[in-house]
Amino acid sequence: MHQISQNPFKKLNLRSQRIFVVALSVVVLSIILSLSILSNQNQRDVTPDVSNPITIKYQVDGNYPPFSYVHENDLVGFDFYLTNIIFPSNLYILDYSTDTWDNVYQRIKEGQIDIAGVIAVNEQRKEDVLFTKTLFRSFVSVFTRHDFNITSVNDLKDYRIGVGKGYYTENILRDELKLDYIAYTDVNQAILDLKDGKIDALFENDQLIKTLLIKQELTGTIVEQITDLYPRDHAYAVSKSRPELVAYMNTRIDELQRSGVFEEIYLNFFYENSDTYINQRNQSIVLWVVALLFGSILLFRSLQRVIRELKIRLSQKVTELEHANLELRDRYSEIRSLAYFNQVTNLPNRNQLRHDLSLLTRTPDAKAVLIMVDLEHFNEINDAYGHRTGDRVLRIMTDRFRSIVPEEGKLYNLTSQQFVFVGQPLNREIFSTKAQEILSAIHQPIQVDEHLIHLNSSMGIVFYPEHGNSFDELISCVDIAMLETKRHRRGEFTIYNEHMGQMFQERLNLIKHLRDALHRDAFELHYQPIVQSIDLKPVGFEALIRYRHPTKGLQFPNNFMDVLEESQLIVPVGYWIMETACRFITDYNAINATDLSVSINISSIQLLHDDFIQNVTEVLNHTPCKIQNIVFEITESVTLENVDLAIERLHALRTMGIQIAIDDFGTGYSSLSYIKDLPLDIIKIDKAFVQSIHESQKNHSVAQTIVSIGHALGLTLIAEGVETTEQHQILLALGCDRIQGYLISKPNPASYFLQASSTSNPDAM
Ligand code: C2E
Ligand code: CA
Ligand code: CA
């Protein structure tokens, strides 16, 4: 038995600095660990006491590197290091020594020593000794010279095999493989014999031989031929007499393995990771994989749940969206129908026409005809019979129109009384037939309840692309054509032409000018004297309006009056006329000490305007004019448009003291009989009768009749447009009270009469 120094670290010349550092750290760790053990010592089988350390008899094979071997007189190796850490020096005295394996094993069997180091576990040994838990697993390899070739363990029987005497490997050869072998007490000798060809193979623990080969510098000469044979668990062999040590050591080994200290030591001696470590690592990898898998499953599950919830919510949202969508669609069609359909006739409206025309104008080679129909005075039906009746009339009219529109055509309802037909352009004949059909559909009376309603219309017609390339152009052209019908061909139709367009443009410009004419003082009133037929004594003046155009000079009413009326500008301009005429006659009478009257032409638009009576009252209030010196001239047509209101207004005016004259008498539709219902003072015989009175018997008799009826009604008669003495004489003979015309004087500006009269110029009249 080799006795070695008690302190294993005192004289240790370690193989390398690294081992020392690791060993030191391992020792420090072991101290920390032993302190923790101390705190739990009650639970332990062995209860070491610092004051009374326990002696452990530890003996190992001195030539079994890297497990245990002697180096420069000191015991070193994995086994020894680990044992020192398992048994901290403050608590245990490690009584250590080495011997050949044969002897060591004999001693442990007999209980002469407590621990025999880390050895391979086999059934036979289990009978002899106790084992701690497995520290690692070790393998057997077959080593040969490098030029030798053995591929299978079965071939070993043909060779001379060496093995360590008493080693577990010997047991395998003998008991399991049942082979002959040479057992070496010193394995180093076996290696040398192998090198020298005294044996062919070495059957031994691979870690042991590899370490020895390095030591003997025979790596490469002797090589591993068959590896990883007979794996054997390795554990501490403990004497059966010290079973309490097994429990203690197992706890320590567990601690060391968990803390990584074991692995550090193992790595230092075997230059590879221990299978414990590998197992642990594999286990932890497996654990990680399991955890990952489990986590993934959990994640997957929760994701599935989340997805399921999301799906439910999504489908709820989809349903909600679908509902919203349906609602939107309903709303949309509602809005669309409001935006694109007339609510009364259910026909597409102006917006739809705009849309359809924009499509049409984008279609190459497209042609179309647009017929615009305006139901005249339709609002009066609403006013007279109520909107319900008006709507029914429109629906009946729509049905009639629908039956006329050809299949490829389309019918629109732009405003309540405006309809548009769009169709293929037909040749003129067919086209006029269609237009006539529309007209007769309109003219056919409509029976609504007890009312029989007659309608009239104006129609305008345009062609695409001749008359315009866009909705706006086409609509403005068809409007122009329709206005033209209104002005000149009531109840018929007009096909648009370029001349109309020019005229219309001029009218537009004129309207523009007329709008600010009042501010520019561009209007003037001229006055034409009215005299007694019998002695040509002046009785009054007729005020006649003139407009001074910025470029064209003085304009007569026939050039602008209809524009003033259509644009309603006649209302403010009419106010100015009344005011100006009143001032004139006041001034004239004041200057000349006369009591002449002024005749003011009142258009139907003015008369029927809501503010008319109020306007008249205002004018009379702020001009010092005598009411009885004012005559309002109205034409027959005034009374035709809204008979009741017109008569009502005339009565009101007359009650105020204003005289009423009916102008241009004999030209209109009115019959002589109806004038008896009008509140009149004067009848003015139209100049058309006057001017041919001397040559046309017919006109003569008309004039004669007018005079006699007028007189019969107690009215004053004025003949206008008297240019010749002859005309004057005839009218005088007919008994016409007053005359007016170029024979007496042309219309002249106010200044002409006011200055002239102030200088007593007799020509002024
Ligand atoms: P009216 O009321 O019949 O006026 C008479 C028209 O005959 C005037 O034309 C006058 O200048 C013209 N005249 C007068 N004597 C003769 C004559 O001997 N021979 C011929 N050939 N014509 C004569 P004017 O001034 O061009 O007015 C035309 C029409 O314009 C008027 O016809 C009247 O209806 C309208 N008008 C004129 N001034 C006003 C006005 O201030 N307000 C309104 N509402 N209408 C007006
Ligand atoms: Ca007149
Ligand atoms: Ca007249």
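Up top is the structure.
Below or above, wherever it landed, is the structure these notes cover.

How each quantity is defined
- Residues numbered from 1 in each chain as written.
- Chains lettered and ligands numbered in written order.
- Predicted model: local features only at pLDDT ≥ 70, side-chain atom pairs only at ≥ 80, totals over all residues.
- Heavy atoms only, no water.
- Helix = DSSP H or I, 4+ residues; strand = E, 2+ residues; numbered from the N terminus.
- Buried < 20%, exposed > 50% of the residue type's maximum accessible area, 1.4 Å probe, protein only.
- Contact = heavy atoms within 4.5 Å.
- Areas by Shrake-Rupley, 256 points an atom, 1.4 Å probe, with all protein chains shown as cover.
- Near = heavy atom within 4 Å.
- Polar contact = N/O pair within 3.5 Å; in protein donor to acceptor, adjacent residues only side chain to side chain.
- Nonpolar A, V, L, I, M, F, W, Y, C, P; charged D, E, K, R; others polar.
- Donors = N, O, S within 2.8 Å, 3.2 Å for Na, K, Ca; no water.
- Pairing = 2+ DSSP bridges.
- Axes fitted to C-alpha atoms, helices over the stretch in contact; angles between N-to-C directions.
- Phe/Tyr/Trp six-rings, centres within 6.5 Å; stacked < 30°, edge-to-face > 60°.
- Lys NZ or Arg CZ within 6 Å of the ring centre and 35° of its normal.
- Disulfide = S-S within 2.5 Å.
- Salt bridge = Lys/Arg side-chain N within 4 Å of Asp/Glu carboxyl O.
- Patch = residues over 30% accessible without salt bridge, like charges linked within 9 Å, V, L, I, M, F, W, Y side chains within 5 Å.
- Parallel < 35°, antiparallel > 145°, perpendicular 65-115°, else oblique.
- Left-handed = near helix turned anticlockwise from the far one by under 90°.
- Core = buried A, V, L, I, M, F, W, Y, C linked by side-chain atoms within 4.5 Å.

Across its full length, the chain holds 26 helices and 30 strands. The buried share among the 765 residues of the chain stands at 47%. Put simply, of all contacts in the chain between residues at least 6 apart along the chain, 71% involve residues at least 24 apart. As presented, the chain carries roughly 37900 Å² of accessible surface, and 52% of it is formed by carbon and sulfur atoms.

What follows deals with the site of ligand 1. Near ligand 1 there are 21 residues, and of these Gln528, Arg546, Asp663, Glu723 and Tyr742 occur at the shortest range. Between ligand 1 and the protein, one listed contact pairs an oxygen atom with a side-chain N or O atom of Asp664 at 3.3 Å. Here an oxygen atom of ligand 1 and a backbone polar atom of Tyr742 are 2.9 Å apart. In isolation ligand 1 offers 780 Å² of accessible surface; the protein chains occlude 84% of this area. Every element with two or more residues in the shell around ligand 1 is listed here: β22 (538-549), α17 (557-566), β26 (659-665) and α23 (687-691). Looking at the shell around ligand 1, the element that brings in the most residues is β22, giving four residues. Residues that form the shell around ligand 1 fall into these classes: eight nonpolar, six polar and seven charged.

What follows covers the coordination of the calcium ion (ligand 3). Six octahedral donors around a metal ideally subtend angles of 90 or 180 degrees, whereas four tetrahedral donors ideally subtend 109.5 degrees. Every protein donor of the calcium ion (ligand 3) is listed here as Asp663 (OD), Asp664 (OD), Glu720 (OE) and Glu720 (OE), and their distances to the metal cover 2.0 to 2.6 Å. The motif formed by the donor residues of the calcium ion (ligand 3), counted along the single chain, is D-D-x55-E. A distance of 4.1 Å spans the gap from the calcium ion (ligand 3) to the calcium ion (ligand 2), which Asp663 bridges by coordinating each metal. Overall, the relative accessible area of 6% leaves Asp663 in the buried class. Taking relative accessible area as the criterion, Asp664 reaches 25% and is therefore assigned partly exposed.

The next thing to look at is the sheet that holds strand β16 (residues 418-423). One open sheet accounts for five strands, arranged β15-β16-β14-β19-β20; its pairing is mixed. Looking at which strands have only one partner, the edges of the open sheet turn out to be β15 (410-415) and β20 (493-495). Direction aside, the axes of adjacent strands within the sheet are offset by 20° on average. Where strand β14 (residues 368-375) meets strand β19 (residues 457-464), eight bridges bridge the pair, whose relative direction is antiparallel. Bridge pairing in β19 links Leu375 to Ser457. Each of β14, β15 and β16 is contacted by helix α13 (residues 387-404), which is oriented at about 15° to β16, the strand it contacts most.

Attention now moves to the packing of aromatic side chains. All chains considered together, the criterion is met by 34 aromatic pairs. Linked through ring pairs, Tyr64, Phe67, Phe78, Phe136, Tyr167, Phe262, Tyr266 and Phe270 together constitute an aromatic cluster. For Arg125, the ring lying beneath its charged end belongs to Tyr105, and the centroid distance is 5.7 Å. The positively charged end of Lys746 is found above the aromatic ring belonging to Tyr742, 5.0 Å away from the centroid.

As for its placement among the helices and strands, Asn268 is situated in helix α9 (residues 261-270). A relative accessible area of 4% means that Asn268 is categorised as buried. Asn268 sits 191 residues away from Gly77 along the chain, and the two C-alpha atoms are 9.5 Å apart. Within the structure, the side chain of Asn268 is placed 2.9 Å from the backbone oxygen of Glu264, a separation counted as a polar contact.

Moving on, we come to the coordination of the calcium ion (ligand 2). Taken together, the protein ligands of the calcium ion (ligand 2) are Glu542 (OE), Asn601 (OD1), Glu633 (OE) and Asp663 (OD), with distances of 2.1 to 2.3 Å. Mapped onto the sequence, the residues coordinating the calcium ion (ligand 2) show the spacing E-x58-N-x31-E-x29-D.

According to the stated counting rule, one finds zero disulfides in the structure shown. The thiol of Cys582 is unpaired, and the distance to the nearest cysteine sulfur, on Cys625, comes to 3.8 Å. Under the relative-accessibility criterion, Cys582 is labelled buried at 2%.

Here Ile675 is to be found in the loop between β26 and β27 (682-685). With relative accessibility at 2%, the residue Ile675 sits in the buried group. Along the chain, Ile675 and Glu636 lie 39 residues apart, while their C-alpha atoms are 9.1 Å from each other. Residue contacts for Ile675: discarding those within four places in its chain leaves Phe665, Leu680, Ile683, Ile709 and Leu713.

Moving on, we get to the sheet that holds strand β3 (residues 63-64). Judged by pairing direction, the sheet is antiparallel, and its three strands sit side by side in the order β3-β4-β5 without closing on themselves. Of all strands in the sheet, those with a lone pairing partner are β3 and β5 (74-76), marking the two edges. With three bridges joining them, strand β4 (residues 68-71) and β5 adopt antiparallel strand pairing. Of the residues in β5, the one forming a bridge with Tyr69 is Val76.

With the rule as written, the count across this model stands at 35 salt bridges. Each of Glu484, Arg487, Arg507, Asp562 and Glu566 takes part in a single network of salt bridges with overlapping partners.

Turning our eyes to something else, we now look at a nonpolar patch on the surface. A grouping of Val289, Leu293 and Ile297 is seen on the molecular surface, where their side chains present a nonpolar patch of about 250 Å² in accessible area. Locating Leu293 in the fold gives a position in helix α10 (residues 275-340).

As a further point, take α9. Residues three or four positions apart in an α-helix share a direction because the helix packs 3.6 residues into each turn. Among the 10 residues in α9, eight count as buried, and that is most of the element. For α9, the set of buried residues is Val261, Phe262, Glu263, Ile265, Tyr266, Asn268, Phe269 and Phe270. Backbone geometry just downstream of α9 places Tyr271 in the positive-phi region, at approximately 50°.

On to the packing of helix α20 (residues 612-622) against helix α22 (residues 643-656), then. Two numbers describe a pair of packed helices, the interaxial angle and the distance between the axes. α22 packs onto α20 with a crossing angle of 20° between their chain directions and a minimal axis gap of 11 Å. Overall, the two elements α20 and α22 adopt an arrangement that is roughly parallel. Judged by the sense of rotation from one axis to the other, the crossing of α20 with α22 is right-handed. Each of Phe612, Ile613, Val616, Thr617 and Leu620 in α20 lies in contact with α22, whose residues at this interface are Arg649, Ala652, Leu653 and Met656. Residues that form the contact of α20 with α22 fall into these classes: seven nonpolar, one polar and one charged.

Attention shifts here to the nonpolar core. With 80 residues, the main nonpolar core has Phe78, Phe87, Phe203, Tyr236 and Met249 as its most contacted residues. Listed in part, the 74 residues of the second largest apolar core include Leu525, Leu564, Ile630 and Ile683.

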